[in-house]
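# Topology and contacts: notes
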Amino acid sequence: MLLIVDDESDVVALIERFAHEKGFDTVARSRGEQMVAELPSLDADAVIVDLRVPGIGGLDILRAIREAVPDCEVILMTSQASVDSAIESVKRGALDYLQKPLDLDRLGELLATVYHGIERRKLLLAVDSEMASRFEFQGLIGRSAVMQQLFDSIRRLAPHVRTALVTGETGTGKELVSRAIHKLGTRRDRRFIACNCSAIVETLFESELFGHMRGAFTGATDAKTGLFELADGGTIFLDEIGEMPLTMQAKLLRVVEYGEVQRVGATAPRHVDVRVIAATNRNLLDEVAAGRFRQDLYYRLNIVEISLPALRDHAEDIPYLSAAFVKEFAERFRKPLIGISPGAERVLQNSPWPGNVRELRNTLERACMLSESHLLSERELLSAMGSRAQPASARSEPAPVIPRAPALELTRDAVQDALQRAGGNKSAAARALGLSRRAFYRRLESLGLHTTEPTAANPANILEPSYKKPNMP
């Protein structure tokens, strides 16, 4: 959608006609204050604004747009053009500068460039979504080498493993891995029982896991089947195994070794055939050394250990995870969301995510609730992250591989030099120039440079047409 801000109705009508021919929907406003007040709800992809519009001036509007909608393209126009005003507008983030009376060829060319950039961004979002589904494995998503190795290990181990220990930080997906082992194994048609050891009161552990007989203790008015009996023939998942009391660890060891459970109050054991998968975010060897976990149980559970990487160790998967989560929440909340903006993408990539994939998912869920546009913005994402969040521009970043060029020096030569220094690596060149991947591709187009970029049909490379950016007055 194109927003036109000008008090000259004939100019507005002219731009609207050209914009409709280029595929834009349009909205017009005659005063700057009105437009600034409506910015959050207008959901504009681009704005054409007169430098001397009544009320708030064009440069002030430009500043407001850059703060509220950082990824919106802005074109300024005026009847009193000067080199200084043109330079100032570009310094503040305008795409270009038009002089009245408008050069219609130039206007059409600019609108075509903006529209192509919007379509390219939609294509990139579609590619991320397509890649997310392509690299989904039993609810886990990852294109990185470390995640592909994890998926391969699960495939190979699932048909054979009877006891496994899944380790990793909070939020890395330990239960998903356990369910994947169950679904890909020979017990897939039997029950999968999940038990969170940290949520069970210590005095009730034995009853929950092994069951009890009627009258075994005060309040036991009926016999109860324990989780191990319920999982007979299938899989039991013991999450947060490090929270299990030592007294229960000895009884669990017998179940794992001999397949026998004894209900509280029973005189004879019962035999069960259960695959046991335990998970923890603790270092169990440290727990053994501290006397909080039995060494014999540790080695019995650790016949196969599957260690999950922290999100910071495969941050290249964040775009695909984000695409999958946004798609899920857009459908659930019935929102028009198709993805995230470049600014929001930078925030995601620069965040530490101590809660890993779970934290990322919860953050995107909150942000999707707040959003009313088709792209999740940096502002909405920061709001969802709360007090721990900082804009990407305010967050310290690792030193770039090549010198960072100031925004004013993003000339054709500066971009080509960055690409040359990065050995043709566009991601490295984009980081050095302080741009997101998508913004960098748009900059290449605006400078008339050919570039290759992935598509849903061809995730490797295609050659796209370039657009030449008009000269400033």
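See the structure above.
Residues numbered from 1 in each chain as written. Predicted model: local features only at pLDDT ≥ 70, side-chain atom pairs only at ≥ 80, totals over all residues. Heavy atoms only, no water.

Reading across from one edge, 9-12-15-8-16 is the order of the 5 strands in this open sheet, with parallel pairing throughout. Two strands close off the open sheet at either side, each with one partner strand: strand 9 (192-196) and strand 16 (305-307). Neighbour-to-neighbour, the strand axes of the sheet open up by a mean angle of 20°, direction not taken into account. The sheet contact formed by strand 8 (residues 163-167) and strand 15 (residues 275-280) spans 5 bridges and is parallel. Across the sheet, the residue bridging to T163 is V276, located in strand 15. (Pairing = 2+ DSSP bridges. Helix = DSSP H or I, 4+ residues; strand = E, 2+ residues; numbered from the N terminus. Axes fitted to C-alpha atoms, helices over the stretch in contact; angles between N-to-C directions.)

Now for the environment of E365. Within the fold, E365 resides in helix 15 (residues 356-370). Filtering out sequence-adjacent residues up to four positions away, E365 remains in contact with F329, R332 and F333. (Contact = heavy atoms within 4.5 Å.)

Packing of helix 15 against helix 16 (residues 378-385) leaves a shortest axis separation of 8 Å and a crossing angle of 125°. When the axis of helix 15 is compared with that of helix 16, the two are oblique. Of the two elements, helix 15 crosses helix 16, and the hand of that crossing is right-handed. Of the residues in helix 16, those in contact with T363, L364, R366, A367 and L370 of helix 15 are E380, L381, S383, A384 and M385. Counted by class, the contact of helix 15 with helix 16 contains 6 nonpolar, 2 polar and 2 charged residues. (Parallel < 35°, antiparallel > 145°, perpendicular 65-115°, else oblique. Left-handed = near helix turned anticlockwise from the far one by under 90°. Nonpolar A, V, L, I, M, F, W, Y, C, P; charged D, E, K, R; others polar.)

We now examine the layout of surface pockets. Computed from the structure, the second largest pocket encloses a volume of approximately 510 Å³. What lines the second largest pocket is a set of 25 residues, among which G171, T172, G173, K174 and L176 lie closest to the centre. Secondary-structure elements contributing two or more residues to the lining of the second largest pocket are strand 7 (140-141), helix 6 (145-157), helix 7 (174-184), helix 13 (318-333) and helix 15. Take the lining of the second largest pocket: its biggest share by element is 4 residues, from helix 15. (1 Å grid on protein atoms, 1.4 Å probe; cavity = no way out; pocket = protein on both sides within 12 Å on 5 of 7 lines; lining within 4 Å. Points joined across faces, edges and corners; volume = space filled by probe spheres on them.)

Note: most peptide bonds trans; most residues except glycine with negative phi. Cis rather than trans, the peptide bond between K100 and P101 has omega equal to -5°. If you trace the backbone, P101 turns up in the loop between strand 5 (96-99) and helix 5 (104-134). Residue E240 is not a glycine yet carries a positive backbone phi of 55°. With respect to the helices, strands and loops of the structure, E240 is situated in the loop between strand 12 (235-239) and helix 10 (246-258). Phi angles above zero are rare outside glycine, and W353 is one such case at about 50°. Positionally, W353 belongs in the loop between helix 14 (342-350) and helix 15.

Looking now at the packing of helix 14 against helix 16. Viewed as axis vectors pointing N to C, helix 14 and helix 16 meet at an angle of 35°, and their least axial separation amounts to 7 Å. Residues G343, A344, V347 and L348 of helix 14 lie in contact with helix 16, whose contacting residues are E378, L381, L382 and M385. Residues belonging to the contact of helix 14 with helix 16 are distributed by class as follows: 6 nonpolar, 1 polar and 1 charged.

Enumeration over the complete set of coordinates arrives at 25 salt bridges. Ionic pairing is found between K100 and D50, a salt bridge with its closest N-O pair at 2.4 Å. Pair noted here: K100 is in the loop between strand 5 and helix 5 and D50 is in strand 3 (residues 46-50), with a separation of 50 residues, a long-range link. According to the relative accessible area criterion, K100 is buried, its value standing at 11%. The class of D50 is buried, set by a relative accessible area of 6%. In this structure, R270 and E229 form a salt bridge, with 3.7 Å as the shortest nitrogen-oxygen distance. Of the two residues, R270 sits in strand 14 (residues 270-271) while E229 sits in helix 9 (residues 227-230), which places them 41 residues apart along the sequence. (Salt bridge = Lys/Arg side-chain N within 4 Å of Asp/Glu carboxyl O. Buried < 20%, exposed > 50% of the residue type's maximum accessible area, 1.4 Å probe, protein only.)

Moving on, we come to the pairing of strand 2 (residues 26-29). Relative to strand 2, strand 1 (residues 2-5) runs parallel, the two sharing 4 bridges. By the bridge assignment, L2 is partnered in strand 2 with T26. Following the chain from strand 1 across helix 1 (residues 9-21) to the adjacent parallel strand 2, one finds a crossover that is right-handed. (Right-handed = clockwise from strand over helix to strand, strands pointing away.)

In this structure, L209, F228, I236, L238 and I241 are the most contacted members of the largest nonpolar core, which totals 31 residues. Among the secondary structure elements, those contributing two or more residues to this core are strand 9, helix 8 (205-210), helix 9, strand 12, helix 10, strand 15, helix 11 (284-289) and helix 12 (295-301). When residues in this core are grouped by element, the largest group, 5 residues, is from helix 10. If we skip the residues at most four places from it in the chain, I241 touches L165, C197, L252, A278, A279, T280, L284, F293 and L301. By size, the runner-up hydrophobic cluster in this structure holds 29 residues, among which are I318, I340, L360 and L376. (Core = buried A, V, L, I, M, F, W, Y, C linked by side-chain atoms within 4.5 Å.)

All right, on to the side chain of D6 then. Here D6 lies in the loop between strand 1 and helix 1. For D6, the side chain forms a polar contact with the main-chain nitrogen of E8, separated by 3.0 Å. Within the structure, the side chain of D6 is placed 2.7 Å from the side chain of K100, a separation counted as a polar contact. For D6, the residues in contact, after removing those within four places along its chain, are V11, V12, R29, S30, D50, V53, M77 and K100. (Polar contact = N/O pair within 3.5 Å; in protein donor to acceptor, adjacent residues only side chain to side chain.)

Right, let's talk about empty space enclosed by the protein for a bit. Within the structure shown, the criterion is met by 1 cavity of 30 Å³ or more. Within this model, the largest cavity holds a volume of roughly 230 Å³. Of the residues that constitute the lining of the largest cavity, the class distribution is 8 nonpolar, 4 polar and 6 charged.

Attention now goes to the environment of R29. Structurally, R29 can be placed in strand 2. The exposure class assigned to R29 is buried, which follows from its relative accessible area of 18%. Separated by 17 residues in the primary sequence, R29 and V12 have C-alpha atoms spaced 9.0 Å apart. The contact partners of R29, leaving out residues within four places of it in the chain, are L3, I4, V5, D6, Q34, M35, E38 and L42.

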